[in-house]
Each structure stands twice: as structure tokens, then as C-alpha cells.
Amino acid sequence: MNMAGASQTSRDSLHASHEGADQASKSRCEITPIEHMVEPDERLIMAHDPYDPRCEKIRALRTELLLRREATDRADIVALLSPCAGAIAFAQTGRPTLLVDADLRRPQQHLLFGTDNRQGLSQAIEQGVNPQLHTVRGLQRMSVLTSGPVPSNPLELLSSRSFASMIEDWRDNFEFVVIDTAPVTHFSDGLAVASLVGRVLALSRAQHTPYKDMQDMLRRLAATRSQILGAVISHF
């Protein structure tokens, strides 16, 4: 090969290298696709009746979590153990918020937001594609990711590199991410999510959750070495 040809090959190679780097950068920063808008169920009082006295307690919880943020340049991601209106409280601050239904056993978020569940988290992990999100009517900065079809291997999906990569993508594209998981007392899925997220809020219902189960749940969560932000007892 003559010198002119070698020079041209070098320039082409360098151009391809820069182009590949640009594409990789875009991939890391790409916002996941948005599907149609969904309507929050009337049970989500933060969306329909923000002046209800119960909402003040949710806002107080939101304030506590805001004060415990580790960084402001990436999303604050918190794993929950049961459905919670807390994600709506974050969205009402006007900051980009994502609610993820990672309960791949008995998902509920698609019911609370009135949408089908044919596509969602499980399908996105299995196929290695960006998940399709839903915007929420009345909450322009909030997105919802439903669970998708119930898979035969929930724990394996939530322990996968594909899901871990998805979480890192959310860290770059949102300010707050709330992940709902299956109950830790029955399944290990929540522990897998906790180990990836690193921050956990344990929820229980008064007169419904046995104290022994709550203790066992906190013990198992501690084994993940995740930061337990606190335990919340709900009376409603």
C-alpha cells in the first residue's frame, strides 16, 4: 500500500472511531421512547386530591428523601417493597420522575394508571431493547414503566446485566426513579433490585404486616449492603 492510501485509510479509521464514540455517547444519553398518556386511578390521591391531609404525610416523606440525596448530577433511585404514591409526589416538584413496576409476580401499576400491560419491563429486558414509557395526564414530568407480561424467570431478569444497564440509563435521564418490587418476605426479587439500586425504602401497612415479617425483611435487605433510607408504616 502506498503512503497516500495508508494516509486515507488512517483518516477513514479515525473518522469511524469518532463516529462510533459519538453513537455510544448518544446511546448512553438517549431518552427511552414514550408511549401514549395514561390516567392515574382515583386511588392515587396525590394526583387527584393533593390537599387531602394524607398527602401532607407523603410530601413529608418526599422531603426526607430529598434531604438524603447523595448527588444532584444523577438520578436518585429508590427501591420500594410495595406500590406507593410517593413517585407522584416527586413528579409534582416539576422534576423528571420515573415510576417502574419491577413487581414481575403480581404487577399493579398498569391497573393504577389504566393501561394495558402487553409491553413493559420484562419484555424490554428479555429482548434487550429500550422500554416504552407512559406519560401521566396532569403530571407532565412523570413517566411510568409497567411490568410487561409476567415472565417465568423474574429473579433472573432482575439480576441481569440488561436490567443493570437500564438502571444506569435512568440515572442519566431522570432526577428521581422509584422502583416498585415484589414483597421481600415472599420473593428475592426485591433483594436483587436493591443490590443494583443501592438505596431502599421499606414499606408496611399498619395492622396488616406482622412485626416479625418486618424485622426479617430489614435483616434480608441489610445483607444486600444497600442503604436503608427508612421504614414507613402506612395507615391507609
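Residues numbered from 1 in each chain as written. Predicted model: local features only at pLDDT ≥ 70, side-chain atom pairs only at ≥ 80, totals over all residues. Heavy atoms only, no water.

Visitor: Explain the overall build of the chain to me, using residue names and the numbers behind them.
Guide: Tallying secondary structure elements over the chain gives 10 helices and eight strands in all. Put simply, 80% of the contacts in the chain that link residues at least 6 apart link residues at least 24 apart. A total of about 12800 Å² of accessible surface is found on the chain, and carbon and sulfur atoms cover 51% of it. (Helix = DSSP H or I, 4+ residues; strand = E, 2+ residues; numbered from the N terminus. Contact = heavy atoms within 4.5 Å. Areas by Shrake-Rupley, 256 points an atom, 1.4 Å probe, with all protein chains shown as cover.)

Visitor: Describe helix H8 (residues 161-173), and please don't skip the residues or the numbers.
Guide: An ideal rise of 1.5 Å per residue puts 18 Å on 13 residues; H8 measures up with 19 Å between its terminal C-alpha atoms. Looking only at H8, the buried set comprises Phe163, Met166, Ile167, Asp169, Trp170, Arg171 and Asn173. (Expected span 1.5 Å × (residues − 1). Buried < 20%, exposed > 50% of the residue type's maximum accessible area, 1.4 Å probe, protein only.)

Visitor: Please provide a residue-by-residue account of the pattern of salt bridges, values included.
Guide: Going through the model one piece at a time under the given rule, you end up with four salt bridges. Among the ionic pairs, Asp189 bridges to Arg105, the shortest N-O distance being 2.9 Å. On the criterion of sequence distance, the pair formed by Asp189 in helix H9 (residues 189-197) and Arg105 in the loop between strand S3 (97-102) and helix H5 (109-112) is long-range, its members being 84 residues apart. Exposure remark for Asp189: the relative accessible area of 1% places this residue in the buried category. Judged by relative accessible area, which is 30%, Arg105 ranks as partly exposed. With its nearest N and O atoms 3.0 Å apart, the salt bridge here joins Arg171 to Glu168. In this pair, Arg171 and Glu168 both sit in helix H8, three residues apart, roughly one turn of the helix. Judged by its relative accessible area of 33%, Glu168 falls in the partly exposed class. (Salt bridge = Lys/Arg side-chain N within 4 Å of Asp/Glu carboxyl O.)

Visitor: I'd love a proper account of the environment of Thr185, names of residues and values included.
Guide: Looking at where Thr185 falls in the secondary structure, it is placed in the loop between strand S6 (176-181) and H9. Put simply, Thr185 and Arg220 are 35 residues apart on the chain and 8.9 Å apart in space, counted from C-alpha to C-alpha.

Visitor: Quick rundown of the environment of Glu56? Include the residues and the values.
Guide: Here Glu56 shows up in helix H3 (residues 53-67). The exposure class of Glu56 is partly exposed, given its relative accessible area of 48%. Between the C-alpha atoms of Glu56 and Ala89, which are 33 residues apart in sequence, the distance is 9.8 Å.

Visitor: Talk me through the pairing of S3; I want residue IDs and the actual numbers.
Guide: Taken across its six residues, S3 has six buried, putting it largely inside the fold. Side-chain alternation along S3 places Thr97, Leu99 and Asp101 on one buried face and Leu98, Val100 and Ala102 on a second face that is also buried. Pairing geometry for S3 and strand S5 (residues 139-145), over four bridges, is parallel. Its bridge partner lying in S5, Val100 is registered against Leu145. Bridging between S3 and S6 involves six bridges; their strand directions are parallel. Bridged to Ala102 within S6 is Thr181. (Pairing = 2+ DSSP bridges.)

Visitor: Can you explain the packing of aromatic side chains? Please cite residues and give values.
Guide: Between two aromatic rings, the relevant description is the distance of the centres plus the angle of the planes. Per the counting criterion, the structure on display carries one aromatic pair. With 6.2 Å between their ring centres and 75° between their planes, Phe163 and Trp170 make a pair best called edge-to-face. For the pair Phe163 and Trp170, one class covers both residues: buried. (Phe/Tyr/Trp six-rings, centres within 6.5 Å; stacked < 30°, edge-to-face > 60°.)

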